[in-house]
Amino acid sequence: SAGLARRQHAAVAGVIEAVVAAMRRFPQDGSVAENGLETLHRVCAGPYAGPDAAAAARRQSASEAGAKMLAERAVAAFPDNDGLQGIAAEILGWL
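Keep in mind that this is a model prediction, so the values were computed, not measured. (Residues numbered from 1 in each chain as written. Predicted model: local features only at pLDDT ≥ 70, side-chain atom pairs only at ≥ 80, totals over all residues. Heavy atoms only, no water.)

Undergrad: Sorry if this is basic, but what is going on with the nonpolar core here?
TA: Generally speaking, a soluble globular protein has its nonpolar side chains buried in company with each other. One finds Ile-16, Val-20, Met-23, Leu-37, Leu-40, Ala-74 and Leu-84 to be the most contacted residues of the largest nonpolar core, which totals 20 residues. Going through the elements one at a time, helix 2 (15-25), helix 3 (30-44), helix 4 (53-65), helix 5 (67-77) and helix 6 (82-94) are the ones with two or more residues in this core. By residue number, the principal contributor to this core is helix 3, which donates 5 residues. (Core = buried A, V, L, I, M, F, W, Y, C linked by side-chain atoms within 4.5 Å. Buried < 20%, exposed > 50% of the residue type's maximum accessible area, 1.4 Å probe, protein only. Helix = DSSP H or I, 4+ residues; strand = E, 2+ residues; numbered from the N terminus.)

Encoded structure:
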């Protein structure tokens with residue numbers, strides 16, 4: 001589908017690495033953390049039915065870039081941000 005193709009293109013274009021870099025640079029900025037996690041979620045999401053090799057590869061790229069550690073840090077730094085907490089929980093489940 002077009003959505004999956006956009007996600008793959010975004011991953012190839014370096015979005016994962018750029019988001020991780022921003023989250024590393026501004027660890028105490030809740031907006032950067034929440035928007036970064038939302039972007040990682042969109043890029044790393046797979047189809048709703050069944051496994052997807054491309055999504056698995058994007059998730060592996062995110063993991064290798066340090067997204068898991070940054071998601072854990074964001075959870076600890078922003079415990080009252082329900083939106084961030086929910087997105088982080090899903091991402092951590094993938095990674």
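Undergrad: Looking at this structure, I do not really get the side chain of Gln-85. What am I missing?
TA: Structurally, the position occupied by Gln-85 is in helix 6. In this structure the side chain of Gln-85 is engaged in a polar contact, spanning 2.8 Å, whose partner is the backbone oxygen of Phe-78. Not counting residues within four places of it along the chain, the set of residues in contact with Gln-85 comprises Ala-74, Val-75, Phe-78 and Pro-79. (Polar contact = N/O pair within 3.5 Å; in protein donor to acceptor, adjacent residues only side chain to side chain. Contact = heavy atoms within 4.5 Å.)

Undergrad: Quick question: what am I supposed to make of helix 6 here?
TA: Each α-helix winds once per 3.6 residues, and so residues spaced three or four apart point in a common direction. Here helix 6 spans 19 Å end to end across 13 residues, near enough to the 18 Å set by a 1.5 Å rise per residue. Taken as a whole, helix 6 has its buried residues at Leu-84, Gln-85, Ile-87, Ala-88 and Ile-91. Of the surrounding secondary structure, the elements contacted by the buried residues of helix 6 are helix 3 and helix 5. The distance from a side-chain oxygen at the start of helix 6 to the backbone nitrogen of Gly-83 is 3.2 Å, and the residue carrying that oxygen is Asn-81. (Expected span 1.5 Å × (residues − 1).)

Undergrad: Got a minute to help me understand helix 4 in this structure?
TA: The end-to-end C-alpha distance of helix 4 is 18 Å, a good match for the 18 Å that 13 residues give at a rise of 1.5 Å each. For helix 4, the set of buried residues is Ala-55, Arg-58, Ala-62 and Ala-65. The buried residues of helix 4 occupy one face: seen down the axis, they fall within an arc of 85°. Exposed side of helix 4, more than 90 degrees from the buried face: Ala-53 and Glu-64 are the residues found there. In the segment just after helix 4, Gly-66 is the residue with positive phi, at about 105°. (Arc of directions from axis to C-beta.)

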